[in-house]
Amino acid sequence: MATRESYSTLNGNIKATTDPMRPLANFPPSIWGDRFLSLSVDTYELKACAKAIEAPKEELRRLIISQNLDSNEKLCLFNYVYRLGLTYLFVEEVQGQLDKLFKELNMKDYDNADLYTISTNFQVFRQHGYKLSCDVFNKFKDYRSCKFHEYTVTDVRGLLSFYESTQLRIRGESILDEAMEFTKAQLTGVVDTLQGNLAKQVKHALVSPFHRGMKMVEARLYFSLYEEELSTYDSLITKLAKAHFNYLRLLQRQELQILTKWGKDMEFQVITPYARNRIPDLYLWGLGLYYEPPYSQARIITSKIAQLVCVLDDTYDAYATIEELRLLTDAINRWEISAMEQLPEYLKPLYKILLNEHTELEKQLSKNGRGNSVTASKQAVVYHSSHFQELARGYLKEAEWRHRGQVPSFQEYMKNGLITSTYNVLFKSSVMGMSEIVTQEALDWYESHPKILEATGLLGRLYNDITTFQFEAKRAQKQVTSVDAYMNTFGVPEIVAVDELKNMLQDFWKDINEGCLKPTEVSIEILAPVVNLARMTDVVYRYTDRFTFPEKTIEEYITLLIIDPIP
Ligand SMILES: CC(C)=CCC/C(C)=C/COP(=O)(O)OP(=O)(O)O
Ligand SMILES: [Mg+2]
């Protein structure tokens, strides 16, 4: 583990760190080292894998539009396709079919349907933006006792699907709030008595509900946990899913190799040895935002930006003195190379990288873009640097609170917290990366502070605070978090504050779900990374800070997606 002394020996530019005011964090080093530097991907193999998707894709397309399946069979098929992460290959076909099914839907159709069927239908419609009413679940509740019927308890498969449905609830759907508590308690109660795949399915869902999980990880796990159900459609779906996983794995290996080399070239290890140098872990965030092959550029840009944000955050939170941070914030806001002169020696290389990487991005996007997308992505780069400046000011504000030992009001904290959640910067990186589909309207939407964006940002801020405030309190200067601000403003003890913040997280998720229901403000393609960012936040911060301490989940996810071969 890096120590204070090793920081100074690693780089002569960094002064001996005897200054007691440095809020050192002693982050554990990356678990990966240079492991991914030597990854190599054969271009022919990559092309062959891409090609191998085509034939099963066409076969499945025919099945999706065929007249031979009834509505329930169709919804069941769309469920498999969605859970395996394949819907993007059939967007128009699935959309067209669902439009029709939803229009023709008669609530009476559900009178005789069981819990599993209704729950699966509900999930498919809601996942694709169709607001099937939660009233479809009314018949499972006894309104005299206000409890769910006894018979639902014995239907574990139905309960599991009902539990997954509740994750899609929006504000005001109290039956789904109750159902979430009910199904979770029931499943927890029976899980140890179950056997085979059903036991594994329930166990996994309780730890990681599908809607809040990382899409490709969930798809891989679904593939192995639901093997028997998938065999309903012969080997068609499994064939496509396997070919698709294979291609994605190779592409991801190639992208990670590019990023690892970039990280090495930037010399983060040398110029910011006090910070978390976590390229593979941050690539997982990028992959979480968009896994579809056409978004390769977006994944790479987002992962680079996330690594830059990470070293900047650690500079503010875990190394620099307040005087140095005031200078750094001013230089970032001047955004010109001559401003580097005002910085202490050790911060100069980092400042140079921030500016250079933006210039590189601008060049790359002008070169790759076509027509209107060049204008939109150029505009996105401008917005991006201004959000970076805003982020630096937000980080400084937090550092000033910490320096003065001052706890702001909850309202003031949240206003700044939305900025330090880094989501504005990350969203702008998606706009730059997805330059092929980003229009001026989409850019204007991002700048109009839509509810779904704010909900995702605040979800990130609060989740991060709830799981990291105890670790961060151990530094030389105590970091101020929403937990402190809430306790101070409302005069409640820590345990109550944490509980209240956890309730807010549920409401943010409801707002995110609502923002995905039709008619949406922007296209599904633009909304996808926003919801996926909320998913990644949930995955990383649900139980502990799995980003700073990646040994369990993050390591498992990277191993599953990038290292392990497809079975
Ligand atoms: C969301 C992503 C991918 C961001 C990049 C890395 C980062 C800043 C992680 C949070 O660190 P932290 O726990 O130190 O955050 P903070 O200092 O804001 O509490
Ligand atoms: Mg931090």
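Not measured: the values here are computed from a predicted model.

Asker: Any chance you could explain the environment of K451 here in plain terms?
Answerer: Its location among the elements puts K451 in helix α22 (residues 451-472). Among the residues examined, K451 registers a relative accessible area of 57% and is labelled exposed. Along the chain, K451 and D511 lie 60 residues apart, while their C-alpha atoms are 7.3 Å from each other.

Asker: Can you walk me through the coordination of the magnesium ion (ligand 2) in this structure?
Answerer: In a perfect tetrahedron of four donors around a metal, the angles come out at 109.5 degrees. In a perfect octahedron of six, they are 90 or 180 degrees. Note on the magnesium ion (ligand 2): its protein donors are D313 (OD) and D317 (OD). The metal-donor distances range over 2.0 to 2.3 Å. With D313 and D317 both in helix α15 (residues 296-318), this residue pair falls four residues apart, about one helical turn. Here D313 and D317 have matching classes, each one buried.

Asker: What's the story with helix α7 (residues 156-166) in this structure? I'm lost.
Answerer: Given 3.6 residues per turn, any residue in an α-helix points the same way as the ones three and four places further on. Extensive coverage of α7 is indicated by the burial of ten of its eleven residues. The inward-facing, buried residues of α7 abut α3 (71-83), α5 (115-127), β2 (147-148), α6 (150-153), α8 (174-190) and α9 (196-207).

Asker: Would you mind showing me how to read the site of ligand 1 here?
Answerer: Residues in contact with ligand 1 amount to 14 residues; listed here are only the nearest, R276, D313, D317, R461 and N464. One of the side-chain N or O atoms of D313 is found 2.9 Å from an oxygen atom in ligand 1. Bound to the protein, ligand 1 loses 95% of the 500 Å² it would expose on its own. Broken down by secondary-structure element, the contributors of at least two residues to the shell around ligand 1 are α14 (279-289), α15 and α22. Here the shell around ligand 1 gets four residues from one element, more than from any other, and that element is α15. For the shell around ligand 1, the class distribution of residues is seven nonpolar, two polar and five charged.

Asker: Looking at this structure, I do not really get the UniProt feature "domain: Terpene synthase N-terminal" (unreviewed entry) in the protein chain. What am I missing?
Answerer: In the numbering adopted here, UniProt assigns the feature "domain: Terpene synthase N-terminal" (unreviewed entry) to residues 31-206. Along residues 31-206, the helical share is 60% and the strand share 2%, with 27 Å between the first and last C-alpha atoms.

Asker: Teacher, can you tell me more about the pattern of salt bridges here?
Answerer: Working definition: two side chains of opposite charge can pair if their charged atoms are close together. Taken as a whole and assessed by the stated rule, the structure comprises 34 salt bridges. As a salt-bridge pair, R276 and D314 come within 2.8 Å of each other at their nearest N and O atoms. Here R276 is found in the loop between α13 (268-271) and α14, whereas its partner D314 is found in helix α15, with 38 residues between them in sequence. Note on D314: relative accessible area 0%, which makes it buried. Notably, a salt bridge pairs E336 with R334, separated by 3.1 Å at the nearest N-O pair. Residue class for E336 comes out partly exposed when judged on its relative accessible area of 35%. R334 sits in the partly exposed class, given a relative accessible area of 36%.

Asker: Can you walk me through the environment of V311 in this structure?
Answerer: Checked against the element boundaries, V311 lands in helix α15. Residue V311 is classed as buried on the basis of its relative accessible area of 1%. For the pair V311 and R276, spaced 35 residues apart in the sequence, the C-alpha separation amounts to 6.5 Å. Setting aside chain neighbours within four positions, we find V311 in contact with F268, T272, A275, R276 and L350.

Asker: How should I be thinking about the packing of α22 against helix α24 (residues 494-515) in this particular structure?
Answerer: What describes two packed helices is the angle between their axes and the distance between those same axes. Relative orientation of the contacting elements α22 and α24 amounts to 150 degrees, with a least axis distance of 9 Å. The angle between the axes of α22 and α24 places the two elements in the roughly antiparallel class. Here the hand of the crossing between α22 and α24 comes out left-handed. Every residue of α24 that contacts α22 at K451, I452, A455, T456, L458, L459, L462, Y463, I466, F469 and Q470 is listed here: E494, V498, L501, K502, M504, L505, F508, W509, D511, I512 and G515.

Asker: In this structure, what is going on with the packing of aromatic side chains? I would like to understand it.
Answerer: Working definition: an aromatic ring pair is given by the centre-to-centre distance plus the angle between the planes. Inspection of every chain in the model, using the stated rule, returns 27 aromatic pairs. When the ring of W445 is compared with that of Y446, the centres are 5.3 Å apart and the planes differ by 70 degrees; the resulting orientation is edge-to-face. A cation over a ring is seen here: R220 above F245, with NZ or CZ 5.5 Å from the ring centre. Directly above the aromatic system of Y130 lies the positively charged group of K518, at a separation of 4.9 Å from the ring centroid.

Asker: Any chance you could explain the side chain of S165 here in plain terms?
Answerer: Residue placement: S165 occurs in helix α7. Only 2.8 Å separates the side chain of S165 from the backbone oxygen of S161, close enough to count as a polar contact. Discounting residues that sit within four places of it in the chain, S165 has contacts with S119, F122, Q123 and F137.

Asker: I'm lost on helix α16 (residues 322-334) in this one. Help?
Answerer: The end-to-end C-alpha separation of α16 is 18 Å, in line with the 18 Å expected for 13 residues at 1.5 Å each. Every buried residue belonging to α16 is among I322, E324, L325, L328, T329, A331 and I332, and all of these are buried. In the stretch just after α16, W335 is the one whose phi turns positive, near 50 degrees.

Asker: When you look at the nonpolar core in this model, what are you seeing that I'm missing?
Answerer: Nonpolar side chains tend toward joint burial in soluble globular proteins. If you look at the biggest cluster of nonpolar residues, it comprises 189 residues, and the most contacted ones within it are L60 and F137. Ranked by the residues each element gives to this core, the list is headed by helix α12 (residues 236-266), at 14 residues. Taken domain by domain, the makeup of this core includes at least three residues from each of domain 1 (43-240) and domain 2 (267-563). Excluding residues that lie within four positions of it along the chain, L60 makes contacts with L77, V81, F90, L236, I237 and L240.

Criteria and thresholds
Residues numbered from 1 in each chain as written. Chains lettered and ligands numbered in written order. Predicted model: local features only at pLDDT ≥ 70, side-chain atom pairs only at ≥ 80, totals over all residues. Heavy atoms only, no water. Helix = DSSP H or I, 4+ residues; strand = E, 2+ residues; numbered from the N terminus. Buried < 20%, exposed > 50% of the residue type's maximum accessible area, 1.4 Å probe, protein only. Donors = N, O, S within 2.8 Å, 3.2 Å for Na, K, Ca; no water. Contact = heavy atoms within 4.5 Å. Near = heavy atom within 4 Å. Polar contact = N/O pair within 3.5 Å; in protein donor to acceptor, adjacent residues only side chain to side chain. Areas by Shrake-Rupley, 256 points an atom, 1.4 Å probe, with all protein chains shown as cover. Nonpolar A, V, L, I, M, F, W, Y, C, P; charged D, E, K, R; others polar. UniProt positions renumbered as here; feature names shortened; annotations may be inferred. Salt bridge = Lys/Arg side-chain N within 4 Å of Asp/Glu carboxyl O. Axes fitted to C-alpha atoms, helices over the stretch in contact; angles between N-to-C directions. Parallel < 35°, antiparallel > 145°, perpendicular 65-115°, else oblique. Left-handed = near helix turned anticlockwise from the far one by under 90°. Phe/Tyr/Trp six-rings, centres within 6.5 Å; stacked < 30°, edge-to-face > 60°. Lys NZ or Arg CZ within 6 Å of the ring centre and 35° of its normal. Expected span 1.5 Å × (residues − 1). Core = buried A, V, L, I, M, F, W, Y, C linked by side-chain atoms within 4.5 Å. Domains from an automatic or database assignment.

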